Amino acid sequence: MSYVEIETASQPECWRRAAALAQSQSGALPAKGERIAVVGCGTSFYMAQAYAALREGSGQGESDAFAASEFPVGRSYDRVVALTRSGTTTEVLELLNRLRGTTPTVAITADPATPVMTSADTLVVLDFADEQSVVQTRFATTLLTLLRAHLGLHSDEVVRDAEAALREPLPEGLVECTQFSFLGRGWTVGLANEAALKMKEASLSWTESYPAMEYRHGPISIATAGTATWMFGDAPEGLREQVLSTGAHWVESGLDPLADLVRVQRLAIARAQAAGIDPDSPRHLTRSVVLTEA
């Protein structure tokens, strides 16, 4: 088995540990009412989008999400939360160092022996969710589980849904599809973005992602027989019927959206295997983007 297969399968247990950890880490994470920004790169940026939308949507404080390279330095925040599996990503470290002494920062990472340990003011280490595969699966979903639990938005049912997502067969015909569109609403827009990235990284699939209500504004024109449209959470009224009328596959589930992301991870692995691609080592990618000065 590939590393990513093993790591994908381990997510329910990682989520249980993260949820149990949330209470003891409450002092490190943003308090209710704080105005915060959440930053990351790649997968971590999309988890930042999901967390920020969840936090603000549940009335716990104004929350923005940025790619670390696009953070609006000079804007006032009570705290900046940095998400970084490796703890070595150049853009994240540069931002944390720039904010030192002006804005409180907390970093959530998987590796306690990396530069982020001295760049952030406060740290949360999820070393039990670290990964050997370049492709992120369990670290991203585990950190989001920690944050959902801190917000009071996690339950044991989410873990049971993840177990079901690992156990149940994937919908027929998806491995053979030529294009995938992932849709979300609110916090699941971040999940849709991550799903599209995961399919690109692991299986070199042609994917796109959109807020669900935006899909009708042009992107639906690519839906046809042999393509798939995957909805995270509840779909806008009539969208399912409209997509099916194009001949495309429509995919949705009654699972918690984070558990539904596990199904996409499984699909990415299955497509990689079908194409003879190593899902642990995507072309042109490394575990962390570390830039050096010219």
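Conventions used here
- Note that residues are indexed from 1 along each chain, following the sequence as it is written.
- Restriction of local features to residues with pLDDT of at least 70 applies here, the model being predicted, together with a cutoff of 80 or more for giving and counting side-chain atom pairs; totals for whole chains, interfaces and linings are based on all residues.
- Calculation of side-chain values draws on the structure's entire complement of heavy atoms; hydrogens and water are dropped beforehand.
- All axes are obtained by fitting lines to C-alpha atoms, using only the stretch in contact for helices, and the reported angles, taken between N-to-C directions, cover 0 to 180 degrees.
- In this description a helix means any DSSP run of H or I spanning at least four residues, a strand means any run of E spanning at least two, and both kinds are numbered starting from the N terminus.
- Put simply, angles under 35 degrees are roughly parallel, angles over 145 are roughly antiparallel, angles from 65 to 115 are roughly perpendicular, and the rest are oblique.
- By the definition used in this description, the sense in which the near helix is turned from the far one sets the handedness, with an anticlockwise turn below a right angle giving left-handed and a clockwise turn giving right-handed.
- Two residues qualify as a contact provided that any one of their heavy atoms is within 4.5 Å of a heavy atom in the partner residue.
- Ten residue types, Ala, Val, Leu, Ile, Met, Phe, Trp, Tyr, Cys and Pro, are classed as nonpolar, four, Asp, Glu, Lys and Arg, as charged, and the remainder, Gly among them, as polar.
- A strand pair is defined by DSSP finding two or more bridges across the two strands.

Caption draft 1: The packing of helix 7 (residues 156–167) against helix 10 (residues 257–275), seen in detail. Two elements in contact, helix 7 and helix 10, have axes whose closest approach is 8 Å; the angle formed by their N-to-C orientations is 20 degrees. The angle between helix 7 and helix 10 falls in the class roughly parallel. Crossing handedness for the pair helix 7 and helix 10: right-handed. Contacts from Val 158, Asp 161, Ala 162, Ala 165 and Leu 166 of helix 7 reach helix 10 at Ala 259, Val 262, Arg 263 and Arg 266. When its residues are assigned to classes, the contact of helix 7 with helix 10 shows six nonpolar, no polar and three charged.

Caption draft 2: Region of the structure containing the sheet that holds strand 7 (residues 207–211). Read across the open sheet, the four strands follow the order 7-6-8-9; overall the sheet is parallel. Both outer strands of the open sheet, strand 7 and strand 9 (249–251), are each paired with one neighbouring strand and no more. Direction aside, the axes of adjacent strands within the sheet are offset by 20 degrees on average. The pairing of strand 6 (residues 179–184) with strand 8 (residues 227–231) spans five bridges and is classified as parallel. For Phe 182, the partnering residue across the bridge sits in strand 8 and is Trp 230.

Remember, this is a structural readout, not a statement about activity or role.
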